[in-house]
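# A look at the structure
These are the residues of each chain, in order.
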Amino acid sequence: MADKGTSHGETHLTPAIGEYLVGLFAPETPGLQDAARAIEEAGMPRIQVSPWDGRILEILLRLVGAGKVVELGTLGAYSTQWIARALPPDGRMWTVEASPRHAQVARGVLERAGLSDRVVICEGKGLDVLPTLERHGPFDAVFVDADKGGYAAYAGWARDNLRPGGLLIGDNTYLFGRLAGVEPTSPDDRESIESMRRFHEILARDFHGVCIPTSEGLSIGIK
Ligand code: SAH
Ligand code: MG
């Protein structure tokens, strides 16, 4: 329905509907359960994508026949595994993680899931690591889920390193409610807001873009 409510943040989704749909479409594999457990046991922030959003990622990547994917923000290799599910047997992905501790936990998770040969964990900050990955491109998809102040630069890199028809995807693109209609409360906050708005402006200008209204905002664009 195109009534004002549903286009302004209201939803007919209920917890029961969510549980029903996730049970049907996005049950967690043992590998995904292992990642969630490893994140918790290591005392890392439990900020991985939801199973629902992970499944959306997988479906989007299958739609573009993704064989080479870059991820920014590994945490415990939870979203990494949703992405890896979409890859063909000879597919590869590179996932970038700034925290050595997170990278270490993710390495264990991927080894136990038998994915170490297809997924490379690149330890370092996104802006330092991305130039070293260019020789593997052009890529079929780039998933941005790291520092929010970096989103604009990551979108620019994706635009230059995706194949035509490739996909740029960003998570948390409502910026926890701060994307629009708020005043910055600190210099960091201002930087994040400006970066996330710039990310959307690049998507709107240089891609066929849209924001899928997941609970966090999942913005996508086709190059
Ligand atoms: N994609 C993961 C969640 C990532 S959380 C999932 O859904 O399962 C964000 C991650 O980005 C954290 O692990 C954090 O350490 C990492 N990060 C923060 N700043 C970064 C940077 N500049 N470059 C790369 N990774 C960064
Ligand atoms: Mg996220």
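Structural data are supplied above this passage.
Residues numbered from 1 in each chain as written. Chains lettered and ligands numbered in written order. Predicted model: local features only at pLDDT ≥ 70, side-chain atom pairs only at ≥ 80, totals over all residues. Heavy atoms only, no water.

On to the pattern of salt bridges, then. Under the defined criterion, the tally for this structure stands at 13 salt bridges. The salt bridge involving D34 is made with R112; its shortest N-O contact spans 3.0 Å. Linking D34 in helix α2 (residues 30–41) with R112 in helix α5 (residues 100–112), this pair joins segments that are 78 residues apart in sequence. Among the salt bridges present, the one from E58 reaches R85, with a minimum N-O distance of 3.0 Å. Separated by 27 residues along the polypeptide, E58 in helix α3 (residues 51–63) and R85 in helix α4 (residues 78–86) bring together distant segments of the chain. For R85, a relative accessible area of 29% corresponds to the partly exposed category. (Salt bridge = Lys/Arg side-chain N within 4 Å of Asp/Glu carboxyl O. Helix = DSSP H or I, 4+ residues; strand = E, 2+ residues; numbered from the N terminus. Buried < 20%, exposed > 50% of the residue type's maximum accessible area, 1.4 Å probe, protein only.)

A few words on the packing of helix α1 (residues 15–25) against α3. When two helices pack together, you describe them by how their axes are tilted relative to each other and by the distance separating the axes. Two numbers describe how α1 lies on α3: the axes approach to 10 Å, and their chain directions differ by 45°. With respect to each other, α1 and α3 are oriented oblique. For the pair α1 and α3, the sense of crossing is left-handed. Contacts between α1 and α3 involve G18, L21, V22 and F25 from the former and P51, W52 and R55 from the latter. (Axes fitted to C-alpha atoms, helices over the stretch in contact; angles between N-to-C directions. Parallel < 35°, antiparallel > 145°, perpendicular 65-115°, else oblique. Left-handed = near helix turned anticlockwise from the far one by under 90°. Contact = heavy atoms within 4.5 Å.)

Inspection of the region around ligand 1 gives 21 residues, with G73, S79, E97, H102 and D145 positioned closest. Within the side chain of D147, one N or O atom sits 3.1 Å away from a nitrogen atom of ligand 1. The fraction of the free accessible surface of ligand 1 (590 Å²) that becomes covered by protein chains is 87%. Elements with a minimum of two residues in the shell around ligand 1: α4 and β2 (92–97). (Near = heavy atom within 4 Å. Polar contact = N/O pair within 3.5 Å; in protein donor to acceptor, adjacent residues only side chain to side chain. Areas by Shrake-Rupley, 256 points an atom, 1.4 Å probe, with all protein chains shown as cover.)

Trans peptide bonds make up the majority, and among non-glycine residues the majority have a negative phi. Following G137, the chain continues into P138 via a peptide bond in cis, with omega recorded as -5°. If you trace the backbone, P138 turns up in the loop between α6 (126–133) and β4 (139–144). The backbone of L175 sits at a positive phi, close to 50°, despite the residue not being glycine. Within the fold, L175 resides in the loop between β5 (162–171) and α8 (187–206).

Those donors, D145 (OD), D171 (OD) and N172 (OD1), are the protein atoms that reach the magnesium ion (ligand 2), and they lie 2.1 to 2.2 Å from it. Spacing between the donor residues of the magnesium ion (ligand 2) along their common chain follows D-x25-D-N. No difference in accessibility class separates D171 from N172, as the two residues are buried. (Donors = N, O, S within 2.8 Å, 3.2 Å for Na, K, Ca; no water.)

It is at 10 Å that the axes of α2 and α5 come closest, and there the two elements cross at 160°. As the angle between them shows, α2 and α5 are arranged roughly antiparallel. Handedness of the α2/α5 crossing: right-handed. Along the contact surface, α2 presents G31, D34, A35 and A38, while α5 presents V105, V109 and R112. Here the contact of α2 with α5 is built from residues that sort into four nonpolar, one polar and two charged. (Nonpolar A, V, L, I, M, F, W, Y, C, P; charged D, E, K, R; others polar.)

Before going further, it helps to spend a moment on the layout of surface pockets. Each pocket or cavity is described by its volume, and for the largest pocket that value is around 560 Å³. Along the walls of the largest pocket sit 32 residues, with I47, G73, D145, A146 and K148 positioned nearest its centre. Listing elements by their share of the lining of the largest pocket, those giving two or more residues are α4, β2 and α6. The class makeup of the residues in the lining of the largest pocket is 13 nonpolar, eleven polar and eight charged. (1 Å grid on protein atoms, 1.4 Å probe; cavity = no way out; pocket = protein on both sides within 12 Å on 5 of 7 lines; lining within 4 Å. Points joined across faces, edges and corners; volume = space filled by probe spheres on them.)

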